[in-house]
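Observations on chain architecture
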Amino acid sequence: MAVAEVETPLPTRITAGTGKLPRHVAIIMDGNGRWAKKRLLPRAMGHKRGVETVRNIVKAAGELGLETLSLYAFSSENWKRPEEEINDLMGLMRDFIKSDLDEFAANDVRLRIIGDYKALAPDIVEMLEESIARTSKNSRTTLAVALNYGSQDEMVRAARAAATQGEISVSSIEANLDTFGLPPLDLVIRTSGEQRLSNFMLWQAAYAEFWFTETLWPDFSKDELAAALNEFARRERRYGGR
Ligand code: FPP
């Protein structure tokens, strides 16, 4: 690819429908704690700023033309964190849904939850289900938030369900994954310099591209998302073929 083309900034160059824009991007939002530590702030402040970034990136995803954005907000392993931090994260989740639901309507965002979210506090479960119902007709961007999500657990649940329905096959397992109906996962982004999947979308990532950045999640921006999409557009995907 010509250098001049590479240097042309997004979003002008990449447009939806060219086949070069990912349909589904998943982000492992990492580094809230380190962001706070660097500023001698409590961890909760890092998570709070992390929610600001979530807000900006959901909006940016719509503007950049992504169909689906999946965010790893709380893993099934995050229960190992101190109770105070878990409470902070759940509180932020409540506030986020309450304060941003109208914004979702305005930006045509449909909410999906992946993970075993029914194990969360009953008021959160109720709020999430109401929000899913309220946004179900929106069609510009789907925001899939992973809550109490662990990919191995998701695959076990899917395989069990498939077994009760009949034959176990790739398609029967896929039909029972929490992500059923979402576009195939194209791109996984992880912030904060870590380069691992941490039990996130292991099945779905089979042919996904990966993009890592040193940026801590509270500092992640639309420009950086656009840079990831630019890099994605340059990758050649072969899906095992040649
Ligand atoms: C990783 O930072 C981040 C999390 C465990 C939670 C991500 C949650 C949010 C951004 C806020 C809630 C989300 C929504 C959708 C409202 P870390 O604490 O592991 O950071 P560290 O590795 O620097 O300690």
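So, a few notes on the structure that sits alongside this text. (Residues numbered from 1 in each chain as written. Predicted model: local features only at pLDDT ≥ 70, side-chain atom pairs only at ≥ 80, totals over all residues. Heavy atoms only, no water.)

1. With respect to the pattern of salt bridges
Tallying each qualifying case throughout the model produces 22 salt bridges. Note that Asp178 is salt-bridged to Arg157, the shortest N-O span being 2.8 Å. With Asp178 in the loop between helix 7 (170–174) and strand 5 (187–190) and Arg157 in helix 6 (residues 151–165), this residue pair connects regions lying 21 residues apart in the sequence. The class for Asp178 is buried, based on a relative accessible area of 15%. Note on Arg157: relative accessible area 27%, which makes it partly exposed. One salt bridge in this structure joins Glu231 and Arg234, with 3.1 Å as the shortest N-O distance. A residue pair is termed a helical-turn pair when its members lie 3 or 4 positions apart in one helix, as Glu231 and Arg234 do in helix 8 (residues 222–234) at 3 residues. (Salt bridge = Lys/Arg side-chain N within 4 Å of Asp/Glu carboxyl O. Helix = DSSP H or I, 4+ residues; strand = E, 2+ residues; numbered from the N terminus. Buried < 20%, exposed > 50% of the residue type's maximum accessible area, 1.4 Å probe, protein only.)

2. Structural notes on the site of the ligand
Close to the ligand lie 16 residues; Met29, Gly33, Arg34, Arg43 and Arg81 are nearest. Between an oxygen atom of the ligand and a main-chain N or O atom of Arg34, the distance comes to 2.7 Å. Within the side chain of Arg81, one N or O atom sits 2.8 Å away from an oxygen atom of the ligand. Here the ligand, which alone exposes 630 Å², has 92% of that area covered by the protein. Elements with a contribution of two residues or more to the shell around the ligand: helix 2 (32–38), helix 3 (43–64) and helix 4 (83–106). Broken down by element, the residue count for the shell around the ligand peaks at 4 residues, all from helix 3. Its residues placed into classes, the shell around the ligand shows 6 nonpolar, 6 polar and 4 charged. (Near = heavy atom within 4 Å. Polar contact = N/O pair within 3.5 Å; in protein donor to acceptor, adjacent residues only side chain to side chain. Areas by Shrake-Rupley, 256 points an atom, 1.4 Å probe, with all protein chains shown as cover. Nonpolar A, V, L, I, M, F, W, Y, C, P; charged D, E, K, R; others polar.)

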